[in-house]
Amino acid sequence: MASAAFEAIVDDFDFLEEWEDRYRYVIEMGKKAPGLDENQKIPETRVLGCASQVWIVPEITDNSIDFKGDSDAMIVKGLIAVVHALFAGNTAAQILEIDAMAELGRLGLDQHLSSQRSNGLRAMIKRIRQIAEALEEDLTG
Amino acid sequence: MYDVQKVREDFPILHRQVHGKPLVYLDNGASAQKPKVVIDAVANAYRNEYANVHRGLHYLSNLATDKYEEVRGKLKCFLGAKHEDEIIYTTGSTMGMNLISYGWGVPNLKAGDEIILSVMEHHANIVPWHFLRERQGIVLKWVDIEPDGSLDPQKVIDAIGPKTRMIAITQMSNVLGTVVDVKSIAKAAHEQGVVVCVDGSQSAVHMPVDVVDLDVDFFAITGHKLYGPSGSGAVYIRRDRLAEMQPFMGGGDMIAMVTKDAVTYNDPPHKFEAGTPGIVQMIGLGVAIDYMTELGMENILSHEHSLRDYAQQRLHGLNWLNIQGNAPGKGAIFSMTMNGGAHAHDISTIVDQKGVAVRAGQHCTHPLMEFLGVTSTVRASFGLYNTVEEVDKLVEALELCHELLG
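Residues numbered from 1 in each chain as written. Chains lettered and ligands numbered in written order. Predicted model: local features only at pLDDT ≥ 70, side-chain atom pairs only at ≥ 80, totals over all residues. Heavy atoms only, no water.

Description of the state of the cysteines
Residues and elements named next belong to chain B.
- This model, assessed by the stated rule, comprises zero disulfides over all chains.
- Free of any disulfide, Cys-197 has its nearest cysteine sulfur in Cys-364, 17 Å distant.
- For Cys-197, a relative accessible area of 0% puts it in the buried group. (Disulfide = S-S within 2.5 Å. Buried < 20%, exposed > 50% of the residue type's maximum accessible area, 1.4 Å probe, protein only.)

Some points on the interface of chain B and chain A
- Facing 15 residues of chain B, the contacting portion of chain A comprises 18 residues.
- With both sides pooled, the region where chain B packs onto chain A buries about 1400 Å², and carbon together with sulfur makes up 58% of that total.
- If you sort the residues of chain B by the area they bury against chain A, His345(B), Gln353(B) and Leu404(B) come out on top, with a joint share of 38%.
- At the surface where chain B touches chain A, the tally comes to one salt bridge.
- Between Arg24(A) and Glu403(B) there is a salt bridge, with its nearest N and O atoms 2.4 Å apart.
- Taken together, the links from chain B to chain A amount to five residue pairs in polar contact (both at pLDDT 80 or more).
- Elements with a minimum of two residues in the side of chain B that touches chain A: helix H13 (344–353) and helix H15 (388–405) of chain B.
- When residues in the side of chain B that touches chain A are grouped by element, the largest group, six residues, is from H13(B).
- Residue composition of the side of chain B that touches chain A, by class: four nonpolar, six polar and five charged. (Contact = heavy atoms within 4.5 Å. Buried area = accessible area lost by both parts, 1.4 Å probe. Salt bridge = Lys/Arg side-chain N within 4 Å of Asp/Glu carboxyl O. Polar contact = N/O pair within 3.5 Å; in protein donor to acceptor, adjacent residues only side chain to side chain. Helix = DSSP H or I, 4+ residues; strand = E, 2+ residues; numbered from the N terminus. Nonpolar A, V, L, I, M, F, W, Y, C, P; charged D, E, K, R; others polar.)

As for the layout of surface pockets
All names here are of chain B.
- Roughly 260 Å³ of volume is contained in the second largest pocket.
- Forming the boundary of the second largest pocket are 23 residues, of which Thr-94, His-122, Ser-201, His-224 and Lys-225 lie nearest the centre.
- Sort the elements by how many residues they give to the lining of the second largest pocket and helix H4 (residues 93–108) lands first, with three residues.
- The two domains that each donate at least three residues to the lining of the second largest pocket are domain 1 (4–30 + 296–405) and domain 2 (39–293). (1 Å grid on protein atoms, 1.4 Å probe; cavity = no way out; pocket = protein on both sides within 12 Å on 5 of 7 lines; lining within 4 Å. Points joined across faces, edges and corners; volume = space filled by probe spheres on them. Domains from an automatic or database assignment.)

What to know about empty space enclosed by the protein
All names here are of chain B.
- The tally for this structure, following the rule as stated, stands at one cavity of 30 Å³ or more.
- Reported here for the largest cavity is a volume of approximately 30 Å³.
- In this structure, the largest cavity is lined by Met-95, Leu-99, Phe-248, Met-249, Phe-272, Glu-273 and Ala-274.
- Taken together, the residues of the lining of the largest cavity sort by class into six nonpolar, no polar and one charged.

Here's the deal with the domain arrangement of chain B
Residue and element names in this part refer to chain B.
- According to the domain assignment, chain B consists of domain 1 (4–30 + 296–405) and domain 2 (39–293).
- For domain 1 versus domain 2, the distance between C-alpha centres works out to 28 Å.
- Buried surface at the junction of domain 1 and domain 2, summed over both partners, amounts to about 2700 Å²; 63% is from carbon and sulfur atoms.
- For the pair domain 1 and domain 2, the interface holds zero salt bridges.
- Across the domain 1-domain 2 interface, the total number found is 19 residue pairs in polar contact (both at pLDDT 80 or more).
- Listed by contribution, the elements that provide at least two residues to the side of domain 1 that touches domain 2 are helix H12 (297–316), strand S14 (333–338) and helix H14 (366–372).
- Here the side of domain 1 that touches domain 2 takes six residues from H14, the largest share from any one element.
- The class makeup of the residues in the side of domain 1 that touches domain 2 is 19 nonpolar, twelve polar and five charged.

Here you go:
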């Protein structure tokens, strides 16, 4: 089940019929997102497979997962914020149950869901699922 | 009179829409679209004239072989070569450069020998030479470009030392559009016994090429940028260099005789064309070459120069836009960055929504990006079917980027 924060974005998108406005919204989310400190942008946090640079830093408390992310591309940084709204605060098990592609498809940002490697969204989601899988293994194993 | 609207009628894909808007295809530097004659030739070859080449004695095998081999003559004329056997078929320039590296470099170069490269080479004209550096101790020597993106031929010539054996250089930068004075470089190089290998992936698409006039040893072209099928291409190799080469790939077609103990090779060009080739791809490339020749390379050049001039005027009017490379006589290729740090990925995403296809990234030129001090650029690269109206659409799309991202 997607979070209330993500549902709020979906609601907002329903009002934004023009693609320019949807991108403006994502760009604004990117501009408002806190991002990462420079010393957090290291090879260990870098998500490979994106034309732009993307970094994800997980923050795990008990068994719930939060994360911070950043990108040098503003639309991508905005998409990180969207993905954050989708996943953040969930347990590992909950994250693994979310069909992220289907949820993001509701926003009509389809082109970011293509299999082209330059689109960073898939790589980002894969990284978060890997973090969730590792945590789930720790908890159950 | 070059009628671009008539030319556009020849390209079916140019009439489709993208995101509900007419396609403005400005990614020709990556790959060009195909005219209907090429598409039809490919379909016809499979439908009516297909068999393996050089093998059977049956009707279709003879027919396919004739159609396939006929392209060698077309490429010979297109590149201004003297002999058909100097044209080796490849799958594109990457294969061409690897063929030269393995076929000529491995047997003819030894540790400490130098290859001179410009800093604006495509990875296809870098990595095959890095193989020789890693495996044989060849030294790569780099020549910088000027601040305006031009390459001073004298700097290349001055880099030649007693150990220099080869200069591997592009004739047109895929990022900056810079045209390189290959002829002057080759003249000086040959006076000092240095071999010249030219990456013609971009230049052969946009200007007439004459390898004998340029007096180069190797010249690689790629079919998919020449309005031909992907997986087609060729490399011109002068006869004296061919004689110094060993085959790169072994297999069918490239042999004269194989026994359990020995193998003797076929004569060039087939000596360097192992296995079943891209038969239909090459037939398609032949038709693409005919198409370009019929339009006239001089006419294509002049059309693209007028597009370049108009684009330069419009793009230079955007004071928040930086154009990388303004060398005199450059081709219609524009690599751009935006003030305020909007990322190429962002810009490309937005202009795509307006139906404008450009490339964002590093364009397989990491050393050039490092030299320019940028992480990536947006590149608009024009072709023979682009129009001034499309320049306007690009500018309009970039203005929207500036508004959204600036």
